[in-house]
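# Fold and contact review
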Amino acid sequence: QKAWCRIRDGQCEPLVETTNPTRDWNTKLATKGKVTIEDNPTHRIVSINMSNLQTEDSGTYSCA
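Just so you know, these numbers come straight off a predicted model, no measurement behind them. (Residues numbered from 1 in each chain as written. Predicted model: local features only at pLDDT ≥ 70, side-chain atom pairs only at ≥ 80, totals over all residues. Heavy atoms only, no water.)

In this section: the pattern of salt bridges. Under the definition given, this model contains three salt bridges. Put simply, E13 and R8 hold a salt bridge, and the shortest N to O gap is 3.8 Å. Residue classification places E13 among the partly exposed positions, given a relative accessible area of 34%. Overall, R8 belongs to the partly exposed group, its relative accessible area being 39%. (Salt bridge = Lys/Arg side-chain N within 4 Å of Asp/Glu carboxyl O. Buried < 20%, exposed > 50% of the residue type's maximum accessible area, 1.4 Å probe, protein only.)

Once that is clear, we can look at the side chain of D39. Looking at the secondary structure, you find D39 in strand β5 (residues 35–40). Within polar-contact distance, the side chain of D39 engages the side chain of K2 at 3.1 Å. (Helix = DSSP H or I, 4+ residues; strand = E, 2+ residues; numbered from the N terminus. Polar contact = N/O pair within 3.5 Å; in protein donor to acceptor, adjacent residues only side chain to side chain.)

Below, the discussion takes up the state of the cysteines. Evaluated as defined, the whole model comprises one disulfide. Counting only cysteine sulfurs, C5 is the nearest neighbor of C63, a cysteine outside any disulfide, at a range of 8.4 Å. (Disulfide = S-S within 2.5 Å.)

Turning our attention to the packing of aromatic side chains. Per the counting criterion, the structure on display carries one aromatic pair. For the pair W4 and Y61, a centre-to-centre distance of 6.0 Å together with 5° between the ring planes defines the contact as stacked. With a gap of 57 residues between them, W4 in strand β1 (residues 3–8) and Y61 in strand β7 (residues 60–63) connect regions that are remote in the sequence. Here W4 falls in the buried class, since its relative accessible area comes to 14%. (Phe/Tyr/Trp six-rings, centres within 6.5 Å; stacked < 30°, edge-to-face > 60°.)

Relative to the helices and strands, K2 resides in the segment before β1. Take K2: its relative accessible area is 29%, and that puts it in the partly exposed class. Separated by twelve residues in the primary sequence, K2 and P14 have C-alpha atoms spaced 9.8 Å apart. In contact with K2, other than residues within four places in its own chain, are V16, E17, T18, I37, D39, V46 and A64. (Contact = heavy atoms within 4.5 Å.)

If you want it as structure tokens, here you go:
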């Protein structure tokens, strides 16, 4: 499982998390709001896309 967090006050606040396989048995895709995570453990690739960003989205983000 992977998560994309916004760091606030030193804490990871998950914006989206992967949970269920999609596309093929080993790829996981999760979208919530402005964030999409695509996780493919077979190829050891995690892609994160943030769209329609605004000034208020500025900050520190991290994988978890």
